[in-house]
Amino acid sequence: MRALASIAVVVALLAAVPLVTASNVVLNFLVVALLTALVGQGWNLLGGYGGQYSFGHAAFFGTGAYATAILQVRYGVNAWLGFAVGIAAGAAVGAIIGALSFRSGLKGSYFALVTLAFAEVLRIIASVAPITGAGVGTLIKLDLRPEALQFQSRVPFYWIILGLVAVSLVIVRMIEDSRFGAYLVALRENEDSAKALGVNTTLIKLGAMTVSAAIAAAGGCFYAQYFLFIDAGIAYGPWISIEALLAPIVGGAGTVFGPLLGALVVKTLGEATKLVAGDAPGLDLVIYGCVLILIVAFAPSGIAGLLLKARQRFAALKSLRPEQPHG
Amino acid sequence: MAEPLLRVDGVSKRFGGLLAVDNVSLGVQAGRITALIGPNGAGKTTLFAMISGFLTPSSGRIYHRGEDITGVPPYRLARRGIARTFQIVRPFAGLTVHENIAIGAHLSRRSREAALDAAAQVAHLVGLAELLDKPAASLTVAGRKRLELARALATEPKLLLLDEVLAGLNPTELAAMVPTIRAIAERGITIVMIEHVMQAVMSLAQHVYVLAEGHILTDGSPQAVVGDARVIEAYLGRGAAARLAAAGVAHV
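Parameters at a glance
Residues numbered from 1 in each chain as written. Chains lettered and ligands numbered in written order. Predicted model: local features only at pLDDT ≥ 70, side-chain atom pairs only at ≥ 80, totals over all residues. pLDDT = per-residue confidence, 0-100. Pairing = 2+ DSSP bridges. Helix = DSSP H or I, 4+ residues; strand = E, 2+ residues; numbered from the N terminus. Core = buried A, V, L, I, M, F, W, Y, C linked by C-beta atoms within 7 Å. Buried ≥ 20, exposed ≤ 12 C-beta atoms within 10 Å, placed from the backbone. Domains from an automatic or database assignment.

As a general rule, the predicted coordinates of low-pLDDT regions are not to be interpreted in detail. In the predicted model, chain B carries a mean pLDDT of 92, and 98% of its residues have values of at least 70. The ipTM for the predicted assembly is 0.89, set against a pTM of 0.90.

Given below as structure tokens:
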């Protein structure tokens, strides 16, 4: 319960932001950062807790985005329903890719490459298939009604993405505290040991990948509704796969708040770069790359790890030097 | 004799041109400590890997309680009550000792609290109670061996396969570990141990199989086996038994 309380506090603080400022710039920044946090949380469950490093979370993000968009545009399905179907579709793609790669025993860099390959194949298919609008992309018609999951102001969008992030935080927190979560971490640390102790590692990885994909797909569904336009490069592009792993690694992979923390830091750096250097294309990616190198080299457990270390140092220091009585 | 708890029937394992285990048959009686000894490279660990489901035999069958378990994956065997430790210890390095043992305890317990409680009790049994909150990575070799043992025990096995849990321990640690293993056996857990430390084998095991160059050389009580000329020669080379006898050292 104490662990859920910290989530409640963080979410409540973030939920209050629109009450303080009505600035579209601030809200837009936070929406994009929270979107990264959401997709990053999906990656974190599989990569951070399970140690299965995916380079292809775009496959799930894009499936969610396309399912939401295509169902509305081509089949007239309600946007909310489309959103839900998009999450399910992403989870299904995760389960399929997971079943194929885990059953054939792919690990480490092989798993990373296969996920990347799946995402790229989907991107190429989406860029030629008529149903996705091929190279033109898919535009969701402007229809500013809550029933159509579109809003005049950014505030409802902000609360929706915050709600999704909150749900993802709670899910990961609850998994952390369950047998499933313990098994997931165990197989990350040593797969053979886990097997010897009765863990069906294939099934656990598959479960983690399915939930992970569902969370990433929710991000894709949201993206489609928020920007109302997707094409193959956006939905299945490597950019989202990179952001999905960058945020948790910077923030602290395998921690509940890592992806949120990382997303806020990374996005702040990205915006700061734009302010200083103007809109030089790709410069934010250069910054991301540098941050990633620094984190991997000097703080492999991310910002969350640094904070934890600092707290332990502080505690150790306090116990070393007991309070001197003042007289 | 009754059907043994574990029966290995004509099992072989071939790695390319190397016949690591050659037509090995053995039986493990319930409630006893059975030791598997033999020089390095004899195929002991390979045999263990096959019994515990990590390797599939090239030929032959393995039976547990009379049922064929050949090729059954390790996690299923663990659920049947067969647990193993690894010769090269494999702790979940990023977790604490307590969390490590709890993974084993989770096998029969879904709830996190129940698993952690059970883990604490097992830690007591193997002498890790003081180290519960330490990261597994910080343990000494002796500590890691105990952790391997504790995790396997936490699955509440009926049959425990110990792959050199005594190797690498100093005499003090050894003296502390032997009673721990005996205490486990006294709880009614059948133990099969691969061991090089003969002193421990002599004091613990009721039955010994000697494996050399992939096949069973002989088996019997520890006293009978160490006096066997073939066993001495397997360890020390051809003619060693005769030379030792001549020097008047034979028959321990």
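Next, the rest of the story.
Now for the pairing of strand 10 (residues 215-220) of chain B. Residue and element names in this part refer to chain B. In the sheet, strand 9 (residues 207-212) pairs with strand 10 via five bridges, with the strands oriented antiparallel. Within strand 10, the residue paired with Tyr 209 across the bridge is Asp 219. Between strand 9 and strand 10, which follow one another and run antiparallel, lie two residues, and Glu 213 among them has a positive phi close to 50°.

Next up on the list: the nonpolar core. In this structure, Ile 161 and Ala 217 of chain A are the most contacted members of the largest nonpolar core, which totals 172 residues. Per-element tally for this core: the top contributor is helix 10 (residues 201-227) of chain A, with 15 residues. Taken together, domain 1 (6-220) and domain 2 (221-252) of chain B each give at least three residues to this core, which thus spans both.

Of all residues except glycine, most have a negative phi; of all peptide bonds, most are trans. Residue and element names in this part refer to chain B. A positive phi angle, close to 55°, is found at Glu 156, a residue other than glycine. Along the chain, the position of Glu 156 falls in the loop between helix 5 (141-154) and strand 7 (159-163). For Glu 156, a count of 17 C-beta atoms within 10 Å gives the class partly exposed. Even without being a glycine, Glu 164 presents a positive backbone phi close to 50°. Tracing the backbone through its elements, the reader meets Glu 164 in the loop between strand 7 and helix 6 (171-186).

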